[in-house]
Amino acid sequence: ETGVTQTPRHLVMGMTNKKSLKCEQHLGHNAMYWYKQSAKKPLELMFVYNFKEQTENNSVPSRFSPECPNSSHLFLHLHTLQPEDSALYLCASSLGENFDEKLFFGSGTQLSVL
Amino acid sequence: AQKVTQAQTEISVVEKEDVTLDCVYETRDTTYYLFWYKQPPSGELVFLIRRNSFDEQNEISGRYSWNFQKSTSSFNFTITASQVVDSAVYFCALKDMAAGNKLTFGGGTRVLVKP
């Protein structure tokens, strides 16, 4: 079983749909992250949660809404997305939010917005 | 502001050739960390190495080696005797004090190893 699991692996949605991405980590980590990877831009940090509290929102549009009910689970709720939001969304975790922490990534959700 | 540049977008080699991936970074801090991650076709980024700014010793791990040069702000990565399984996208990344917990990634270098 991989340390960080993301579901679904692929998602196609219309601009008026509401969907959620799920991430679960089995590593006992306390910090979780959402990253966006698109073809035209480097990996972009979206949100950071540490001990269930949001510690970073990297100016992400409100159509992306994160939720972290506990240290093991992280969700990204999506609504009224735009085609330019199509990308690979990666979840990651780390032991804590220390400066030198290495991240453990999931395989991502490939999102297509039609 | 912090920045990571990976000038090579794609490198194609034949198996058993060596390949070097360039990484140049910018930071105003004296304390920072540099990372390399590998992203195979399956999608997840896999941690390869972490280096802090006070440790310029080069490192070798099996067929992988890293050359950290503060004088040129570079942290290059070499794969010796490449194998097909090395085909992936490789990302260099930087964390510095000014950015807090934000990991700044380079654009990545896609390595294609042909049999």
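No experiment lies behind these values; they were computed from the predicted model shown.

Parameters at a glance
Residues numbered from 1 in each chain as written. Chains lettered and ligands numbered in written order. Predicted model: local features only at pLDDT ≥ 70, side-chain atom pairs only at ≥ 80, totals over all residues. Heavy atoms only, no water. Helix = DSSP H or I, 4+ residues; strand = E, 2+ residues; numbered from the N terminus. Pairing = 2+ DSSP bridges. Axes fitted to C-alpha atoms, helices over the stretch in contact; angles between N-to-C directions. Contact = heavy atoms within 4.5 Å. Buried area = accessible area lost by both parts, 1.4 Å probe. Salt bridge = Lys/Arg side-chain N within 4 Å of Asp/Glu carboxyl O. Polar contact = N/O pair within 3.5 Å; in protein donor to acceptor, adjacent residues only side chain to side chain. Disulfide = S-S within 2.5 Å. Buried < 20%, exposed > 50% of the residue type's maximum accessible area, 1.4 Å probe, protein only.

A. Seen up close, unusual backbone geometry. A cis amide bond links Thr7(A) with the next residue in sequence, Pro8(A), at an omega value of -10°. Looking at the element boundaries, Pro8(A) is found in the loop between β1 (4–7) and β2 (10–13). Although it is not a glycine, Lys16(B) adopts a positive phi angle of roughly 85°. With respect to the helices and strands, the residue Lys16(B) is situated in the loop between β2 (10–14) and β3 (19–21).

B. Highlighting the sheet that holds β1(A). Residue and element names in this part refer to chain A. Taken together, 4 strands build an open sheet; the order of strands is β1-β3-β8-β7 and the sheet is antiparallel. Where the open sheet ends on each side, the last strands, each with one partner, are β1 and β7 (64–70). Averaged over all pairs of adjacent strands, the angle between strand axes in this sheet comes to 20°, irrespective of strand direction. Direction of pairing for β1 relative to strand β3 (residues 18–25): antiparallel, over a ladder of 4 bridges. Within β3, the position partnered with Gln 6 by the bridge is Cys 23.

C. Geometry of the interface of chain A and chain B. Between chain A and chain B, the residue contacts involve 22 residues of the former and 23 residues of the latter. Both faces combined, the contact of chain A with chain B buries some 1,800 Å², and carbon together with sulfur accounts for 58% of it. A per-residue breakdown of the area chain A buries against chain B is headed by Leu43(A), Phe99(A) and Phe105(A), which together make up 35% of the total. Inspection of the chain A/chain B interface yields 0 salt bridges. There are 4 residue pairs in polar contact (both at pLDDT 80 or more) connecting chain A and chain B. It is strand β5 (residues 41–50) of chain A that provides the largest number of residues to the side of chain A that touches chain B, a total of 4 residues.

D. View of the state of the cysteines. Residue and element names in this part refer to chain A. A complete count under the given rule lists 2 disulfides over all chains for this structure. Covalently, Cys 23 is tied to Cys 91 through a disulfide, its sulfur atoms 1.9 Å apart. Handedness of the Cys 23-Cys 91 disulfide follows from its S-S torsion of about -75°: it is left-handed. In this pair, Cys 23 is assigned in strand β3 and Cys 91 in strand β9 (residues 87–94), connecting sequence segments 68 residues apart. According to the relative accessible area criterion, Cys 23 is buried, its value standing at 0%. For Cys 91, a relative accessible area of 0% gives the class buried.

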